[in-house]
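Listed below, chain by chain, are the residues.
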Amino acid sequence: MEDLRATTVTDDPVQRRDLILLDRAREGDLDAFNDLVVVYQDMLFALVVRMVPDRDQAADAVQEAFFSAYRNMEGFRGGSVRSWLSRIAINAAMDAQRLKKRRPADPYPELEDDTWQPPADASADPVTSSLTAERHHALNGALAQITNDQRTAIVLYDVEGYDYAEIAELTAVSVGTVKSRIHRGRLALRGLLADRMDLFRG
Amino acid sequence: MADPTTGHDEGELAAIARHALHDEELVAAFAAGDLEDAIEQERARALVERCATCRDIHRDLAVIRTAIRASGTAAERAATMSAPRDFRLTADDAARLRPGSPIARVARRLGWRARLDLGVAAFGRPVGAAMATFGVVGLLIGSLTLGGGPGSLFSAQSAAGPTSAPGAEGSGPATSTIDGTNFGPAASGQDTKNPVPVSGGRDTGTQGVATVALLGGSIAFLALGIALFVAARRRAATVAQR
């Protein structure tokens with residue numbers, strides 16, 4: 001078996017820890033794999049719940065992602081374990097979206113994501129904090145209503161910082177299609193937020 | 001003068017009508033800085049400069065993008081929010097998901113005896129069936145060689161010379177076959193009880209030995225194939241019961 005620590009030299013202690021855990025998991029140590037799960041489950045859930053705005057479905061997708069990661073540990077070829085897991089989670093989220101598309105009876109509820117609020121500036125006054133929370137709520141509600149493809153592209157590009165080429169590879173479409181989805185998605189968001197744009201114009 | 005149904009004046013209505021012809025996606029691409037073509041950039045810039053609605057779109061999209069970016073990456077959000085459940089794998093999950101073929105996974109769970117049973121169950125049936133088929137084909141070919149087909153021993157025998165009719169002993173040249181060896185007519189003055197092989201009898205004899213070997217091998221193949229097939233079926237049933 002390929003020793004990941006030997007092939008992937010990294011000074012980043014987090015990456016090094018991840019590679020050691022993954023190496024041990026590949027040798028059959030389930031606890032080591034579960035340590036990785038504990039480290040990344042919140043982050044992956046936070047990522048997936050933006051793409052699949054239903055907490056139960058998002059949780060199922062994250063569980064599937066960890067199953068898939070465990071099944072495909074041998075396929076890991078070095079690099080960042082976090083990026084590898086994120087990609088698996090994004091694929092699981094897209095699978096969940098496709099499943100939802102086949103059973104469209106229940107539209108997504110307004111994104112049940114009010115458990116988290118954007119970090120407010122410590123010096124921000126209560127009015128500003130309230131405004132931030134309201135923006136967040138309105139934006140999540142609008143994001144839940146645009147198409148899966150548009151939401152995925154916008155979340156990956158605007159929120160997670162993937163570039164067009166990476167999103168194109170992840171979603172198996174051309175770069176032009178990714179751009180188009182992002183542009184149309186933003187236009188759709190503007191339409192959905194038309195009555196509340198004053199919130200954002202500040 | 002304001003339109004009584006919409007409240008817009010004529011100038012606004014004209015602007016709305018004009019905007020209906022404008023390409024909003026072009027404006028969105030321009031707002032995102034994604035236009036590489038100079039002509040498209042110029043078109044988009046002209047729309048934003050001359051059309052109030054396009055200008056609003058351009059401004060709003062920038063605002064929306066900023067708001068989305070401010071909503072926090074997954075890593076930032078994970079610092080303050082928790083997943084609704086624990087996603088750690090159980091030992092059962094791990095056993096179920098461990099890499100390998102389905103047969104190997106089942107075998108791992110059941111032990112070495114099951115591995116043997118599964119191996120026989122998986123490969124015994126096709127191999128057994130193939131062996132039995134070879135056996136049947138061999139038997140057919142052997143039978144044809146022994147029987148009356150072209151190239152059979154009997155036709156080879158006919159080619160070697162005229163056969164005496166039963167009860168016509170001594171009335172003409174005669175041949176007989178012992179253990180596949182063709183014996184020609186006794187030479188004049190020779191004892192017919194000690195026949196001498198005729199020219200060509202050696203080939204016919206070799207063919208006879210080969211045919212017998214073929215038949216024997218075919219029977220062995222057929223028997224082994226059937227035995228393997230039956231054993232595989234029994235093992236498969238045993239594994240299924242477990």
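Anything mentioned here points back to the structure above.
The rules behind each value
- Residues numbered from 1 in each chain as written.
- Chains lettered and ligands numbered in written order.
- Predicted model: local features only at pLDDT ≥ 70, side-chain atom pairs only at ≥ 80, totals over all residues.
- Heavy atoms only, no water.
- Phe/Tyr/Trp six-rings, centres within 6.5 Å; stacked < 30°, edge-to-face > 60°.
- Helix = DSSP H or I, 4+ residues; strand = E, 2+ residues; numbered from the N terminus.
- Buried < 20%, exposed > 50% of the residue type's maximum accessible area, 1.4 Å probe, protein only.
- Lys NZ or Arg CZ within 6 Å of the ring centre and 35° of its normal.
- Arc of directions from axis to C-beta.
- Polar contact = N/O pair within 3.5 Å; in protein donor to acceptor, adjacent residues only side chain to side chain.
- Disulfide = S-S within 2.5 Å.

Asks: What is the right way to look at the packing of aromatic side chains in this model?
Replies: Centre distance and the angle of the planes are the two values used to describe a pair of aromatic rings. One pass over the structure, following the stated rule, counts five aromatic pairs over all chains. Ring geometry for F134 of chain B and F221 of chain B: centres 6.4 Å apart, planes at 90°, overall edge-to-face. Of this pair, F134 of chain B sits in helix 8 (residues 112–146) while F221 of chain B sits in helix 10 (residues 201–241); the two residues are 87 residues apart in sequence, bridging distant segments of the chain. Judged by its relative accessible area of 57%, F134 of chain B is exposed. Taking the ring centre of F67 of chain A as reference, the NZ or CZ of R96 of chain B above it sits at 5.1 Å.

Asks: Explain helix 8 (residues 164–171) of chain A here, please?
Replies: For an α-helix, 3.6 residues make a turn, and residues three or four places apart therefore share a direction. Residue and element names in this part refer to chain A. Turning to helix 8, its buried residues number three or more, namely Y164, I167, A168, L170 and T171. For helix 8, the buried positions fall inside an angular range of 165° around the axis, keeping them on one side. The N-cap of helix 8, judged by a side-chain oxygen 3.1 Å from the amide nitrogen of A165 a few residues on, is D163. Directly beyond the C-terminal end of helix 8, a positive phi value near 60° is found at A172.

Asks: In this structure, what is going on with the state of the cysteines? I would like to understand it.
Replies: Chemically, a disulfide is nothing more than a covalent bond linking the sulfur atoms of two cysteines. All names here are of chain B. Tallied over the entire structure, the rule returns zero disulfides over all chains. Free of any disulfide, C51 has its nearest cysteine sulfur in C54, 3.6 Å distant. The class for C51 is buried, based on a relative accessible area of 7%.

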